[in-house]
Amino acid sequence: MTAAGEAANEWPPETIYAEATSVGAAGVAVVRVSGSCAGVVLERLAGRKIAPRRATRVDLYSLTGGELLDTALVLWFPSPHSFTGEDTAEFHVHGGRAVVAALLEELGAFTGLRVAEPGEFSRRAFVNGKLDLTEAEGLADLIAAETEVQRKQALRQLNGELGAAYEGWRERLLRSLAYLEAELDFVDEDLPGSPIKRVLRDVSELAGEIAAHLDDHRKGERVRNGAKVVIVGAPNVGKSSLLNGLAGQSGLAHVSRTPGRTRMVNFFDVGRSHRLVDLPGYGYARAPEA
């Protein structure tokens with residue numbers, strides 16, 4: 001018997017699994033399984049049925065060798081009440097690399113399971129109507145957020161604020177289209193009011209709102225992509241010291257009491273989103289060496 005059991009060959013081939021937390025040693029690691037086989041996989045490894053949406057402590061055993069893999073918390077989310085909209089199981093195991101590797105190896109032995117592609121859980125959530133495109137973008141931004149402003153912007157987008165605005169515009173366009181079609185279909189009828197005038201007014205207002213939304217000097221992109229801060233000043237006024245203070249690292253840029261210590265344009269990446277640029281003082285700059 002394979003690890004998947006007698007009915008393994010009858011399973012659809014699209015159940016996926018992957019570690020949902022960052023690679024590296026940690027207290028807890030989360031491994032997610034999504035697809036029609038998730039419930040069977042969970043039941044086999046846990047040795048019993050798991051109540052939906054309730055964290056349950058279980059011992060996970062290897063189906064091939066019978067040895068204990070780990071003592072873990074497991075969660076069972078039947079479709080459609082899951083992140084992906086599919087049957088989903090989560091294994092919250094100890095975060096040691098050997099523990100995670102053993103569980104992934106066990107999942108790989110199940111016939112009909114495959115490793116998820118990068119971003120595939122989110123893609124399935126979108127395909128199954130659990131996220132729209134703006135919410136999916138907000139989720140990616142929230143995962144990558146390093147600052148409080150980035151976190152707040154991403155969370156608003158993930159919670160549907162941007163999607164709701166776009167959906168409102170869509171509904172107003174559809175309403176205008178309906179008025180326009182009524183005017184064309186019933187041209188000989190004496191329709192109350194003037195549908196054409198109403199359409200022109202509504203579309204003009206909507207065009208203005210969209211233009212104002214786009215003409216925001218790319219504030220959202222600036223928050224998402226981070227800032228580039230250039231420090232300019234006369235020699236020996238403390239530009240490099242200021243950069244170190246902003247970065248929170250005392251030795252990031254070299255400092256000296258002698259004027260002209262900084263003679264090159266120096267770039268310092270602070271996290272993934274921000275770059276500090278330390279310029280030489282006036283009169284001390286020279287072209288960077290190749």
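Being a predicted model, the structure only gives us computed values, none of them experimental. (Residues numbered from 1 in each chain as written. Predicted model: local features only at pLDDT ≥ 70, side-chain atom pairs only at ≥ 80, totals over all residues. Heavy atoms only, no water.)

## Here we look at the sheet that holds strand E6 (residues 113-115)
Here we have six strands laid out as an open sheet, ordered E3-E4-E5-E2-E1-E6, and mixed in their pairing. On the outer flanks of this sheet lie strand E3 (56-61) and E6, each paired with one strand and no other. Direction aside, neighbouring strands of the sheet carry axes that sit 30 degrees apart on average. As judged from the seven bridges shared by strand E2 (residues 28-34) and strand E5 (residues 88-94), these two strands associate in the antiparallel manner. In the strand pairing of E5, Val30 is matched with His92. Set on the sheet, helix H1 (residues 38-46) makes contact with strand E1 (15-19), E2, E3, strand E4 (68-77), E5 and E6; between it and E3 the angle comes to about 80 degrees. (Pairing = 2+ DSSP bridges. Helix = DSSP H or I, 4+ residues; strand = E, 2+ residues; numbered from the N terminus. Axes fitted to C-alpha atoms, helices over the stretch in contact; angles between N-to-C directions. Contact = heavy atoms within 4.5 Å.)

## Considerations on the confidence of the model for the protein
Should the pLDDT be low somewhere, the predicted coordinates at that spot are not to be read in detail. The predicted model of the protein averages 80 in pLDDT, with 70% of residues at 70 or higher. Taken element by element, the protein is modelled with least confidence in strand E8 (residues 266-270), mean pLDDT 56, and with most confidence in E5, mean pLDDT 97. Here residues 1-12 is modelled with pLDDT under 50, and outside its nearest four sequence neighbours on either side it reaches 24 contacts, counting other chains as well. In the model, residues 283-290 has pLDDT below 50 throughout and makes twelve contacts with residues more than four positions away in sequence or in other chains. (pLDDT = per-residue confidence, 0-100.)

## Notes on the nonpolar core
Formed by 25 residues in total, the largest nonpolar core has its most connected members in Leu60, Phe91 and Leu107. At five residues, H1 tops the list of elements feeding residues into this core. Setting aside residues no more than four positions away along its own chain, Leu60 makes contact with Leu45, Ala46, Glu67, Leu68, Leu69, Asp70, Ala72, Val74, Phe91, Val93 and Leu103. (Core = buried A, V, L, I, M, F, W, Y, C linked by side-chain atoms within 4.5 Å. Buried < 20%, exposed > 50% of the residue type's maximum accessible area, 1.4 Å probe, protein only.)

## A closer look at the pattern of salt bridges
Taken as a whole and judged by the stated rule, the model has 13 salt bridges. Across the pair Glu43 and Lys49 runs a salt bridge, and its minimum N-O distance is 3.5 Å. On the basis of relative accessibility, which here comes to 33%, the residue Glu43 falls in the partly exposed class. For the salt bridge of Glu167 with Arg170, the shortest nitrogen-to-oxygen distance reads 3.1 Å. Pair noted here: Glu167 and Arg170 are both in helix H6 (residues 161-185), with a separation of three residues, about one helical turn. Overall, the relative accessible area of 34% leaves Glu167 in the partly exposed class. For Arg170, a relative accessible area of 46% corresponds to the partly exposed category. (Salt bridge = Lys/Arg side-chain N within 4 Å of Asp/Glu carboxyl O.)

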